[in-house]
Every structure is written in structure tokens, then in C-alpha cells.
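# Inside the fold
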Amino acid sequence: MFIGAIGCEPLQLKRVGLENSRTLDVYRQHGGYEALKKVLDGMSPEDVIGEVKKSALRGRGGAGFPTGMKWSFVPKDSPKPKYVVCNADESEPGTFKDRFLMERDPHMLIEGMLIAAYALGSRTTYIYTRGEYRYLINILDAAIQEAREAGLVGDRIMGTEFSCEVFTHTGAGAYICGEETALLNSLEGLRGHPRMKPPFPAIAGLYGCPTVVNNVETLTAVPDIIKMGGEAYQKLGTQKSGGTKVWSVSGHVNRPGVYELPMGYEDMEKFIMEDCGGMLGGKQLKAVIPGGSSVYIMPATDIVGKKVRMDYEGLVVAGSMVGSGGFIVMDETVDVFESTKNLTEFYKHESCGWCTPCREGTDWLVKVFKRIAKGEGRPEDAQLLLDLCDNIEGKSFCPLGDAAAWPIQSAIKKFPEDFRRHLMPMATRTAEAVAAD
Amino acid sequence: MSQQFTPNNPLPQEAKVPVEMAVFSLDVEAEIDRHLAKYPVKRSAILPLMFIVQRERGGYLDPPGVAYLADRLDVRITDIWEVATFYSMINTEPVGTYHIQVCRTLSCKILGAGKITEQCSTRLGIKPGETTPDGKFSLSEVECLGSCGTAPMLQIGFDFHENLTAEKLDKILDTCERGEYVFTVKG
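Note that the coordinates shown come from a computational prediction; the quantities given were computed from them, not determined experimentally.

### Some points on the overall build of chain A
When helices and strands are tallied, chain A shows 18 helices and 10 strands. Its C-alpha radius of gyration of 23 Å places chain A within 12% of the 22 Å reference for a compact globule of 437 residues. Taken over the C-alpha atoms alone, chain A extends approximately 85 × 45 × 35 Å along its principal axes. Looking at chain A as a whole, 56% of its 437 residues qualify as buried. Within chain A, contacts between residues separated by at least 24 positions form 71% of all contacts whose residues are at least 6 apart in sequence.

Structure, rendered in C-alpha cells:
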């Protein structure tokens, strides 16, 4: 598996190839904790938030919300404790970048969390890691211990007035806990059901206190933003999408892996055909899901020769989204009906059961998909699936309902042939047989 | 996914009124204390503690383990069940010593996850969701485990086995069958 940067100097992946990259010594030899020192040496919390705003860093978990703005929503004058929570519940199908960031460079995350905590006036921070990533929790615990012994975590960090704790927390196998309010409920020891917004976590989050929840990749970008300055970081990318983005590439390519690209990388086709080593076995490209399973599927015709720019705006223009950057490449052997069925089964399994449209809707979707797969498809089933999606999208309690509907809607729209083929057997039956049904 | 208790799928009787409470060694108690110390609210430690109890009580939350958790966290028995039944990694029934969890989601699927499951199924003589009569193996199909770039993959305990081939899988299962499999990730 490939891990590295293409089209830019590696920033997030700067140290991943080094021997013992996860140790404090190696991290410090390569610029580690310099940003924290710079912050503690004379930046005010407002300065830090200002730099992050200038950097045009947008949340890397999927929603792409501007990070600096999210931080500025936390009330300065609140008497309650404030919390920083890292969302390391990476469970969007096709996404595995956070895993390698934490595995290879855990101190980068710790430093990012400490800087965020300083900016927001927090003394306690949690890293919520999905339960399956237990080995990462062990790595993080060891790194936190190392940092604590070096006076970088705990009381009076680097001899200053700033004190902050970093704790790991484990999830236990629930996709929904990647949604920030469900994550907070889970961290409070409850079922991982999403909460009503507003109030947003910035006002009332963990234990009802002001809380910022950020993705791993968002927080690991912070030390570099402080070191090079927000403006310089922004210039690595585009005006609205600052910096670099780490993509997880999987599926039918010769070189899957973790790729760091500048935001605004100019051509998705070149990325697949050259940077990722081209298609596995020389087969034809059929489709790409560029941002994790929840985003719209893109047919090859929307990619080849289209110079699709890889950033938030470019992918929206091309008919999809950056999402979490889980880039799944599929070749001509893939039946999009089957791939969509697979993802729908995922959403059914992971629906948390809190709201009716998502709980019942995903269940019905799977029932229809299974019936079609058995060869009992009816011509009107495509419309039936779209109607079911319509009853979920925009009507569920949290965005994961939309996430279940989008792959189906886009698959039927972009690959009608793959669906029609499964709906044919009934279509060719005689009128009498249909009437007798 | 949440498990639903209905008249056809009732909550086990013994789960309702635990008769005894689990007892743990001083080391385990110290480990539990370390987790409790992280949070201002005890209940927050529920998932980390469930993993510990599950590990110490033969792989699942047995009634004495549940009673212990409720007591230690100052919550009701039902609170423990409420949370336990929501999370797929918390077992409310016994599982095999080697819990083979094959990822079934898209990236793994298009690179042969189906064949991996089939091979496990044929070799172990059980379908996904079942446990061998000797209690040695359980087989599950699970959702995306974040190994898409190294598909297909499976997890045993907390260990990742990636870039699987038929031969590689056979070797892993051989080691398990001989009882020589060593769990590399400490849970």
C-alpha cells in the first residue's frame, strides 16, 4: 500500500515513512511540538483561532465546515469547563486515512489537540476512537504517556500556566457515533443516538458544556498552520479549500493507499490513471465514489477528459462531494446495482433506530433490493426505490439518513442500465401473468 | 445495530435478576480505576469497562458481569443492557475463542470478500452469525473496518489480517485450529 504526497510537499504525511515515526524523539527531531511552543510563547487564543480562520481549513470528517468558524462559536465567558473531542471514529466505508495518521504519527494529533485546547480554553480533551481500532488506542496511550513524561501533557505544559489532559476513549462498533452529537452521547455512556441541534455542541456539548468535535485530519493540520501561518497554509490549496487533503484510495487500482494532495489537485483522471498506478489488470474504469460511501457515485464519463478538480468546489461542480475523502475506484466488472445493494445493507445495519424514516426506510430499501436480487424485480422498482429515498432524505433526524439515500439516487440516475437489467424479467412477462400476481 | 427484545426474542430470564456479582483481580480493578479517573461522570466509562468485563468473563457480558458494571458505575441493570445491546462489539451472548470477522463492505466486496467468507464457512462448517459446537470459532460478516486499501481483510479479536488470499487465510485458520494463534493486539 502506498503512503505519500503527490503534487505537493508532504505535510500531514511528512514523517510517516521515518523509522520509529511514532516516538516522541523522532517527532521532535522533525519539528514536533514547535507549534505548541510558538503558541505558548506568546500567541493569544484569539491569535490561534485567527490563524486557523485564515488557513481556510475545513473539517475533514465529511461535512467540510470551516474549522476556525466552528472554534469561534465557543463562548469565551462561559463559566463551564470546555471540551475538545477528537472524532477518530473513522467508519465511513472507503476511509482509512485517520488510521494511518494515528498509527504513524500520534504525536501530531496530540499536538493539534493541545493547540485547539489552548485556543478554546479547554483543560480536558478526549480522542474518541472506534472500538475496532484498539491497536491505535494502545499506540495513542503510549504516545500520551511519553508526552506526559516530557511535560507536554498534564499540568503546567512547557512550564507555562497552560494545563491540559488528553485521554483516549473507545467506541464499540457503531457507525452513527461518527456523527458528532451521537459521539457525545456515546462518550457520556449512553446509546449513540444523535441529539437535536441547536443547541450546537459549541454551546452545549459534552456534559452540557461547550465542546468542539473535530476530525483527526482536521486537528493534525493545526500544528502546520501555526508553524507556517494560516495564509501560507491556505495558499497550498485554493481560496475556499485551504491546504492539503489526505485521500484514502481503494478498489480496482494498482496502487491503493493514503495520498496527500493539495486541495484543488487539477485532474481526477490523471490521479487514477497515473498517480494510483492505473486500473487493476488494465480494465476499464466504470465508476468512482470519491468521498466515502455516502456521496454521489460518479460514472467514468464524468471523469475521463473532464479535468475534475479535487477540492470541495470542484467535486460539487462534477456532481459529487469531497466527503471524508474515501476514494473507491470501480472497474467495468462491477454491477452498480450490486454495489449499491451492498452499501444499502451497510446503512440498514448501521441505522441507529432513533428516527422512523431512517430506521424503517433503510429496512424497506434492503427488502426491495433483496427481492430484485432474487430475480423478482419489477419495472416500477426503480421508482419505488427513489420514492423510499425521498421519504428518508431531508426527513431524518441526522444527516446519516441523507447519506443512505444519496448513493441510491445517484446510482439509479447515473447507471440506469445496471438497474434496468435486474428489472427485466418481470417486464417481459405477459399482462395476464402480472394480473394474476 | 440495536437488538430488539420482543415476545419472540425475549430478554434472557437470567439477565433480569443477576444472582451473583463478578469479582476481578486487583490488577483488573486497577485498570478499571484508571478508566474511571478519566471522566467527571462515572457512566462515561461504560464502554471501556464493558470491554474489560467481556475480556475477563469469557468473551461476553454474562449476568454477573452486568451486575458488576451496574454496581461499579452506579447505574441500573437496565442501563447496562440498554447500552450493551446498541453496540455491535459488545457481546451479550458467548462467542468463540476465535471470532472471525470478515469485512463485507464495498471495497472489500469488490476485491473478493465473498470468497473469503465462503472459505471460512466451508472450512469451519458454520454460517456467518454462528459458532462451532466446540466453541472455538465464531464467524461474522461485519461492516467496514477501515482496511479498504488492503482489502480483502478480516479481524480476529482486535488483530487485523489484510491483503487476504486463500492460502493466507488457510494458514491463519490452521494456526487457530492448532491452538497456536497468538493475539497480537492487547484488548
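### Here we look at the domain arrangement of chain A
Residue and element names in this part refer to chain A. Structurally, chain A comprises domain 1 (11-236), domain 2 (244-331) and domain 3 (336-427). Measuring from the centre of the C-alpha atoms in domain 2 to the corresponding centre in domain 3 gives 24 Å. Counting residues at the interface gives eight residues for domain 2, matched by 11 residues for domain 3. For the side of domain 2 that touches domain 3, the residue count by class is six nonpolar, two polar and no charged.

### Some details on the sheet that holds strand β5 (residues 211-215) of chain A
All names here are of chain A. Strand order in this open sheet of four strands is β4-β3-β2-β5, and the pairing throughout is parallel. In this open sheet, the two edge strands, each paired with only one partner strand, are β4 (165-170) and β5. Neighbour-to-neighbour, the strand axes of this sheet turn through a mean angle of 20°, independent of strand direction. Of the strand pairs in this sheet, strand β3 (residues 124-129) and β4 are connected by six bridges, and their pairing is parallel. Looking at β4, one finds that Thr-129 is bridged to Thr-170.

### A closer look at helix α7 (residues 113-124) of chain B
Residues and elements named next belong to chain B. For α7, with 12 residues, the first-to-last C-alpha span of 17 Å sits near the 16 Å given by 1.5 Å per residue. Ala-113, Ile-116, Thr-117, Cys-120 and Leu-124 are the residues of α7 that are buried. The buried side chains of α7 occupy one side of the element, clustering within an arc of 95° when seen end-on. Of the residues in α7, the exposed ones pointing more than 90 degrees away from the buried face are Glu-118 and Thr-122.

### Digging into helix α4 (residues 63-73) of chain B
Of the positions making up α4(B), those classed as buried are B:Pro63, B:Gly65, B:Val66, B:Tyr68, B:Leu69, B:Arg72 and B:Leu73. Looking one or two places after α4(B), you find B:Asp74, whose phi comes out positive at around 60°.

### Side note on the packing of helix α14 (residues 356-376) of chain A against helix α16 (residues 400-414) of chain A
Residue and element names in this part refer to chain A. For the pair α14 and α16, the least separation of the axes is 9 Å and the interaxial angle reads 25°. With respect to each other, α14 and α16 are oriented roughly parallel. The hand of the α14/α16 crossing is left-handed. Contacts between α14 and α16 involve Pro-357, Cys-358, Thr-362 and Leu-365 from the first element and Leu-400, Gly-401, Ala-404 and Ile-408 from the second. Residue classes in the contact of α14 with α16 are distributed as six nonpolar, two polar and no charged.

Conventions we followed
- Residues numbered from 1 in each chain as written.
- Chains lettered and ligands numbered in written order.
- Predicted model: local features only at pLDDT ≥ 70, side-chain atom pairs only at ≥ 80, totals over all residues.
- Helix = DSSP H or I, 4+ residues; strand = E, 2+ residues; numbered from the N terminus.
- Rg over C-alpha atoms; globule rule 2.2 N^0.38 Å.
- Buried ≥ 20, exposed ≤ 12 C-beta atoms within 10 Å, placed from the backbone.
- Contact = placed C-beta atoms within 7 Å.
- Domains from an automatic or database assignment.
- Nonpolar A, V, L, I, M, F, W, Y, C, P; charged D, E, K, R; others polar.
- Pairing = 2+ DSSP bridges.
- Axes fitted to C-alpha atoms, helices over the stretch in contact; angles between N-to-C directions.
- Expected span 1.5 Å × (residues − 1).
- Arc of directions from axis to C-beta.
- Parallel < 35°, antiparallel > 145°, perpendicular 65-115°, else oblique.
- Left-handed = near helix turned anticlockwise from the far one by under 90°.

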